[in-house]
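# Summary of the model geometry
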Amino acid sequence: MSRRGWALFAAMCLIWGIPYLLIKIAVSDLSPVTLVFLRTAIGALILLPLAAARGSLSPLLRYWKPILAYTVVEVALPWLLLAHAELRLSSSLTGLLVAAVPFVGVVLGLLTGADERFGARRLVGLAVGFLGVAALVGLNVSTSDLVAAGEVGLVAICYALGPLIVSRRLSGVPGLGVVAVSLALPAIVYAPLGLAQLPAAFPPTRVLVAVAILGVVCTALAFMLFFALIAEVGPIRATVITYVNPAVALALGITLLGEPFTVGAVVGFALILVGLFLATRRGPRAKVPIVEPADVHPVEAR
């Protein structure tokens, strides 16, 4: 990759690895629905004018049904579930559990006939990966926190459904327009509850900073950088950030929030990485389709 490609790659690995830390900080004073409202509103206010200026909104009208479905599974539901789960779970554990997304994607592809190349190696990869997730849950999650872990599991399913909707129903639709609308719709829906649940006292500075970074950097800027990364290195290499984001979440949670560095985290994450390599790696004879950058939509906006 070029120097610019490496710079964009490094930026995305960091930017989409820190939302879990920021969510954990924000929900200490804000309700989950208020946090999601503020994050989506900030992102929409930045991206909607850009999308309108580039003419990326008008082509979306005929695709309103798949865009609505994409909005629900990629933003509205998972972001609320993540915020609620982090009331109980550590940010580092949440980030590691979300690493199960590629496994869920492989399973959904198999069940829906989207991927016919499913040999023994990929089956072993799935088994190893889910063993890693089981290690994370079994060694780090108490019985009282199983509901929160289940919420993160639903997030993984949602994040895996998003690409299926994009590839089958939104191929060729302007990605920036889809992202802008998928932020604006939840902001409108969550506005009544989000505003009603604003804290009585003014939140601490650290909470305000966390919300601002989530909305501006981890949402609006992240999407624009991801489009640039796809254009620079291609969609296949761009998706490698999925492997790095959980490690960033783990490191930040331990160093900045003092979250425990457990044996379960080490064993679970190691198994997940091995499983990801086996389950998502194509064989040498598999043909990789050429995808134009405009046809690829970022789905790891965490």
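In short, a report on the structure.

Cut-offs applied
- Residues numbered from 1 in each chain as written.
- Predicted model: local features only at pLDDT ≥ 70, side-chain atom pairs only at ≥ 80, totals over all residues.
- Heavy atoms only, no water.
- Phe/Tyr/Trp six-rings, centres within 6.5 Å; stacked < 30°, edge-to-face > 60°.
- Helix = DSSP H or I, 4+ residues; strand = E, 2+ residues; numbered from the N terminus.
- Contact = heavy atoms within 4.5 Å.
- Core = buried A, V, L, I, M, F, W, Y, C linked by side-chain atoms within 4.5 Å.
- Buried < 20%, exposed > 50% of the residue type's maximum accessible area, 1.4 Å probe, protein only.
- Salt bridge = Lys/Arg side-chain N within 4 Å of Asp/Glu carboxyl O.
- Expected span 1.5 Å × (residues − 1).
- Bend = angle between axes of the 7 residues up to and from the residue.
- Axes fitted to C-alpha atoms, helices over the stretch in contact; angles between N-to-C directions.
- Parallel < 35°, antiparallel > 145°, perpendicular 65-115°, else oblique.
- Left-handed = near helix turned anticlockwise from the far one by under 90°.
- Nonpolar A, V, L, I, M, F, W, Y, C, P; charged D, E, K, R; others polar.

## A short note on the packing of aromatic side chains
Per the stated rule, a full pass over the model turns up 2 aromatic pairs. Ring centres 6.0 Å apart and planes at 85° place the aromatic pair Trp6 and Phe9 in the edge-to-face group. Separated by 3 residues within a single helix, Trp6 and Phe9 lie in helix H1 (residues 3–15), roughly one turn from each other. Look at Trp16 and Phe223: their rings are 5.8 Å apart centre to centre, the planes differ by 75°, and that puts the pair in the edge-to-face class.

## So, the side chain of Ser56
Tracing the backbone through its elements, the reader meets Ser56 in the loop between helix H3 (32–53) and helix H4 (64–85). Beyond its immediate chain neighbours, meaning those up to four positions away, Ser56 contacts Ala51, Pro174 and Gly177.

## Notes on the nonpolar core
If you look at the biggest cluster of nonpolar residues, it comprises 85 residues, and the most contacted ones within it are Leu35, Leu47 and Leu183. With 14 residues, helix H10 (residues 205–233) is the single largest residue contributor to this core. If near-sequence neighbours (up to four positions away) are discounted, Leu47 is found in contact with Leu176, Val179, Ala180, Leu183, Ala220, Phe223 and Met224. Residues Leu60, Val73, Val166 and Val178 belong to the second largest nonpolar core, which totals 10 residues.

## What about the environment of Ile42?
Mapped onto the secondary structure, Ile42 falls in helix H3. Separated by 171 residues in the primary sequence, Ile42 and Ile213 have C-alpha atoms spaced 9.8 Å apart. The contact partners of Ile42, leaving out residues within four places of it in the chain, are Val211, Gly215 and Val216.

## Quick notes on the pattern of salt bridges
Tallying each qualifying case throughout the model produces 2 salt bridges. Asp29 is the partner of Arg206 in a salt bridge, and the nearest nitrogen-oxygen pair spans 4.0 Å. One end of the pair, Arg206, is in helix H10; the other, Asp29, is in the loop between helix H2 (19–26) and H3, with 177 residues separating them in the sequence. Classification of Arg206 by relative accessible area gives partly exposed; the value is 47%. A salt bridge links Asp145 to Arg88, with the nearest nitrogen and oxygen atoms 2.8 Å apart. Here Arg88 lies in the loop between H4 and helix H5 (91–98) and Asp145 lies in the loop between helix H7 (120–140) and helix H8 (146–169), a separation of 57 residues in the sequence. Classification of Asp145 as buried rests on a relative accessible area of 14%. Residue class for Arg88 comes out partly exposed when judged on its relative accessible area of 48%.

## So, H4
Every α-helical turn comprises 3.6 residues, leaving residues that sit three or four positions apart pointing alike. A rise of 1.5 Å per residue sets the reference length of H4, with its 22 residues, at 32 Å; its end C-alpha atoms lie 30 Å apart and thus fit the reference within 8%. The largest bend along H4 reaches roughly 45° and is located at Val72.

## Things to note about the packing of H4 against helix H9 (residues 175–196)
Contact geometry for H4 and H9: axes closest at 9 Å, N-to-C directions at 60°. As far as their axial angle goes, H9 and H4 are oblique. Remark: the crossing between H4 and H9 carries right-handed chirality. Here H4 contributes Ile67, Leu68, Tyr70, Thr71, Val75, Ala76, Leu77, Trp79 and Leu80 to the contact with H9, which in turn contributes Val178, Val181, Ser182, Leu183, Leu185, Pro186 and Tyr190.

## Overview of the environment of Arg168
Looking at where Arg168 falls in the secondary structure, it is placed in helix H8. Residues Arg168 and Pro66 lie 102 residues apart in sequence; the distance between their C-alpha atoms is 9.3 Å.

## Regarding the packing of H9 against H10
At a minimum axis separation of 11 Å, H9 and H10 run at an interaxial angle of 165°. By the angle between their directions, the pair H9 and H10 is classed as roughly antiparallel. As H9 packs across H10, the resulting crossing turns out to be right-handed. Between H9 and H10, the residues in contact are Gly175, Leu176, Val179 and Leu183 and Thr219, Phe223 and Phe227, respectively. A class-by-class count of the residues in the contact of H9 with H10 yields 5 nonpolar, 2 polar and no charged.

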